[in-house]
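# Chains, contacts and geometry: an overview
One letter stands for each residue in the lines below.
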Amino acid sequence: MKTIHTVSKIISKYLPIWIVLLSIIAYVMPDAFVSIRQLTGFGLGTIFFLMGLSLSSEKLLEVIKRPKYALLGVLLKWSIMVGVSIAIAYLFFGNQAEIATGIILAGTVPSGTSANIYTFIAGGEVALSITMATLDTFISPVLTPVLLQTFAGRFIPIEFWPLFLNIIYIVFFPLLAGLFVQWKFHRPVEKIKPYTGVLSQLALFLVILSVISNAQQALSENLSVLPLVFVAVTLQVCIPMGAGYFIARWMGVPERNARAILFHTGICNTALAATLAMEHFGSLAAVPAVANMVMNLTIGALMASLFENKFRLTDEELQT
């Protein structure tokens, strides 16, 4: 048990470093991961299944009784992040259809699970973060294909139903399965819950190795555009984070909740975006999602560390 706890702590603390390291390994040695290239959907499904297992019904009920902050956070995410993503796609990549589509897709998927981890590290309201992520997960099967069809349809033909069903299979069903298993087998699940975080991160590593090794050829053929892609996705992460936090505080949201909204607004599930891009639009469309994955984890870790070390507040101050 102690060993598992230590490993979990090391993985969580240095998550961005692991992400970058695994991305480099998968890029340099793509053939080493041929056997797992078809497991991307399985890895993502595992993450959402574990999310369903780990949801605390008591804490969720507390937030549901006072839903205004959760609804505000979801509204900010689906307005600011989507708006910024569309603007960046049109301004930076108006003549590069697949990359523009990838940028929009990276901003129209549900919140990333790392947002929950960073919220915890930053002293934010974790129950609110999980609630917003859950709401995101339930509405994204409809919103993601609709938004993509509306705003990326000018770049690439978008088929609504295949995309909708893919998200249902990867996101919706595993989450519901996790919730069902937790309800039906509550006692055994309680023993597993402490390890769902590290298991989710290991599943994320599987997804990263699969996605990067799959996209290696597209990445190597488009090295010249990568610097601009990284500038674009950095803006795609930073602007929604800052806007989400400051708008929340301006509207009187308590500090702890505003920190949760910051990460929810700025961090999307770009592993899911990369998977959808690979399956529906081609490997080049996955490049912005991969770049965003690296940047949102890195910037998220830096922000969480900043709040944890520089702006640590008392419980009383966090409630105001």
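Look above for the structure.
One structure accompanies this document, and this report is about it.

About the cut-offs
- Residues numbered from 1 in each chain as written.
- Predicted model: local features only at pLDDT ≥ 70, side-chain atom pairs only at ≥ 80, totals over all residues.
- Heavy atoms only, no water.
- Helix = DSSP H or I, 4+ residues; strand = E, 2+ residues; numbered from the N terminus.
- Rg over C-alpha atoms; globule rule 2.2 N^0.38 Å.
- Buried < 20%, exposed > 50% of the residue type's maximum accessible area, 1.4 Å probe, protein only.
- Contact = heavy atoms within 4.5 Å.
- Lys, Arg positive; Asp, Glu negative; His and termini not counted.
- Charge placed at Lys NZ, Arg CZ, Asp CG, Glu CD.
- Salt bridge = Lys/Arg side-chain N within 4 Å of Asp/Glu carboxyl O.
- Core = buried A, V, L, I, M, F, W, Y, C linked by side-chain atoms within 4.5 Å.
- Patch = residues over 30% accessible without salt bridge, like charges linked within 9 Å, V, L, I, M, F, W, Y side chains within 5 Å.
- Areas by Shrake-Rupley, 256 points an atom, 1.4 Å probe, with all protein chains shown as cover.
- Expected span 1.5 Å × (residues − 1).

## A closer look at the overall build of the protein
Helices and strands together make up the secondary structure of the protein, namely 16 helices and zero strands. Taken over C-alpha atoms, the radius of gyration comes to 18 Å for the protein, in line with the 20 Å a tight globule of 320 residues would show. Seen along its three principal axes, the alpha-carbon backbone of the protein occupies a region of about 50 × 45 × 40 Å. Counting all 320 residues of the protein, 54% fall into the buried class. For the protein, the share of sequence-separated contacts (at least 6 apart) that also reach a separation of at least 24 residues comes to 85%. Each charge class in the protein can be summarised by its mean position, and for the 19 positive and 15 negative side chains these summaries are 8 Å apart.

## Re the pattern of salt bridges
Here the structure, examined in full by the defined rule, presents four salt bridges. The residue Lys193 makes a salt bridge to Glu190 at a minimum N-O spacing of 3.3 Å. Here Glu255 makes a salt bridge to Arg259, at a shortest N to O gap of 2.6 Å. Of this pair, Glu255 and Arg259 are both found in helix 13 (residues 255–266), four residues apart, which corresponds to roughly one turn of the helix. Overall, the relative accessible area of 2% leaves Arg259 in the buried class. Put simply, Arg249, Glu255 and Arg259 are held in one network by salt bridges that share partners.

## Some remarks on the nonpolar core
In this structure, Ile19, Phe93, Ile103, Leu105, Leu148, Ile208 and Phe263 are the most contacted members of the largest nonpolar core, which totals 100 residues. Broken down by element, this core gets its largest block of residues, 14 residues, from helix 15 (residues 283–309). Apart from the residues within four sequence positions on either side, Phe93 is in contact with Ile88, Ile99, Ala100, Ile103, Phe155, Val225, Leu228, Val229 and Ala232.

## Brief notes about the environment of Val287
Among the secondary structure elements, Val287 is positioned in helix 15. By relative accessible area, Val287 is classed as buried at 2%. In this structure Val287 touches Ala218, Leu219 and Leu226, once residues within four positions along its chain are discounted.

## Overview of a nonpolar patch on the surface
Together, Phe138, Ile139, Leu165, Tyr169, Phe173 and Leu176 make up a nonpolar patch on the protein surface, roughly 520 Å² of accessible area in all. The greatest single-element share of the nonpolar patch, amounting to four residues, is contributed by helix 9 (residues 160–184). Secondary-structure assignment places Phe138 in helix 8 (residues 126–151).

## Focus on helix 6 (residues 97–106)
Across the 10 residues of helix 6, eight count as buried, placing the element largely inside the fold. Within helix 6 the residues assigned to the buried category are Ile99, Ala100, Thr101, Gly102, Ile103, Ile104, Leu105 and Ala106.

## Observations regarding the side chain of Asn292
With respect to the element layout, Asn292 can be found in helix 15. With relative accessibility at 2%, the residue Asn292 sits in the buried group.

## Regarding helix 3 (residues 40–54)
Spanning 15 residues, helix 3 covers 21 Å between terminal C-alpha atoms, matching the ideal 21 Å at 1.5 Å per step. Those residues of helix 3 lying buried are Thr40, Gly43, Leu44, Gly45, Ile47, Phe48, Leu50, Met51, Gly52 and Leu53. Summarising the contacts, the buried residues of helix 3 are in contact with helix 8, helix 9, helix 10 (186–192), helix 11 (196–221) and helix 14 (270–280).

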